[in-house]
Amino acid sequence: MNSKHRKTLSAIFSQPVSGTLEWRKIESLFISLGSEIIEGSGSRVSFILNNEKADFHRPHPGKEAKQYQVRNARDFLNRTGVKP
């Protein structure tokens, strides 16, 4: 995990929940942690890490993750044992 990934991890766990975090940074963090990616139809994407699965919809037309998506990413990381 490089410094950009550490900054993203900190942003995911920050309070209040960020509404300006780019989704691609969250995906990049998941990939750097070794997540398996399963592309679904449309904007659907799933990640599997440490036998935990999380389903998301990529935001569109904007590039920022919605606050509920950041909260869901935080929950996923908590379930997999990843903390800042």
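Check the entry above for the structure.
Residues numbered from 1 in each chain as written. Predicted model: local features only at pLDDT ≥ 70, side-chain atom pairs only at ≥ 80, totals over all residues. Heavy atoms only, no water.

Some points on the sheet that holds strand S3 (residues 52-57)
Pairing in this open sheet of three strands is antiparallel, and the strands run S1-S2-S3 from one edge to the other. Every other strand in the sheet has two partners, leaving strand S1 (36-39) and S3 as the edge strands with one partner each. Between one strand axis and the next, the sheet turns through 20° on average, direction left out of account. Relative to S3, strand S2 (residues 44-49) runs antiparallel, the two being bridged by six bridges. Within S3, the position partnered with Ile48 by the bridge is Lys53. Contacts from helix H2 (residues 23-32) reach S1, S2 and S3, with the element oriented near 30° to S2. (Pairing = 2+ DSSP bridges. Helix = DSSP H or I, 4+ residues; strand = E, 2+ residues; numbered from the N terminus. Axes fitted to C-alpha atoms, helices over the stretch in contact; angles between N-to-C directions. Contact = heavy atoms within 4.5 Å.)

What about the environment of Ile48?
Considering the arrangement of structural elements, one finds Ile48 in strand S2. Owing to a relative accessible area of 26%, Ile48 belongs among the partly exposed residues under this scheme. Each C-alpha atom of the pair Ile48 and Ile38 lies 8.1 Å from the other, and the pair is ten residues apart in sequence. Discounting chain neighbours no more than four positions away, the residues touching Ile48 are Gly34, Ser35, Glu36, Ile38 and Lys53. (Buried < 20%, exposed > 50% of the residue type's maximum accessible area, 1.4 Å probe, protein only.)

A word on the packing of aromatic side chains
This structure, assessed with the given rule, holds five aromatic pairs. Ring centres 6.0 Å apart and planes at 65° place the aromatic pair Phe47 and Phe56 in the edge-to-face group. Side by side, Phe47 and Phe56 carry an identical accessibility label, which is buried. An aromatic cluster of at least three residues, connected via ring pairs, comprises Trp23, Phe30, Phe47, Phe56 and Phe76. (Phe/Tyr/Trp six-rings, centres within 6.5 Å; stacked < 30°, edge-to-face > 60°.)

A word on the packing of H2 against helix H3 (residues 67-80)
Where H2 meets H3, the closest approach of the two axes is 11 Å, and the angle between their N-to-C directions is 10°. Here H2 lies roughly parallel to H3, going by the angle between them. Within the contact between the two elements, H2 uses Trp23, Ile26, Leu29 and Phe30 and H3 uses Gln69, Val70, Ala73, Phe76 and Leu77. Split into classes, the residues belonging to the contact of H2 with H3 amount to eight nonpolar, one polar and no charged. (Parallel < 35°, antiparallel > 145°, perpendicular 65-115°, else oblique. Nonpolar A, V, L, I, M, F, W, Y, C, P; charged D, E, K, R; others polar.)

Keep in mind that these numbers describe shape and distance, not what the molecule does.
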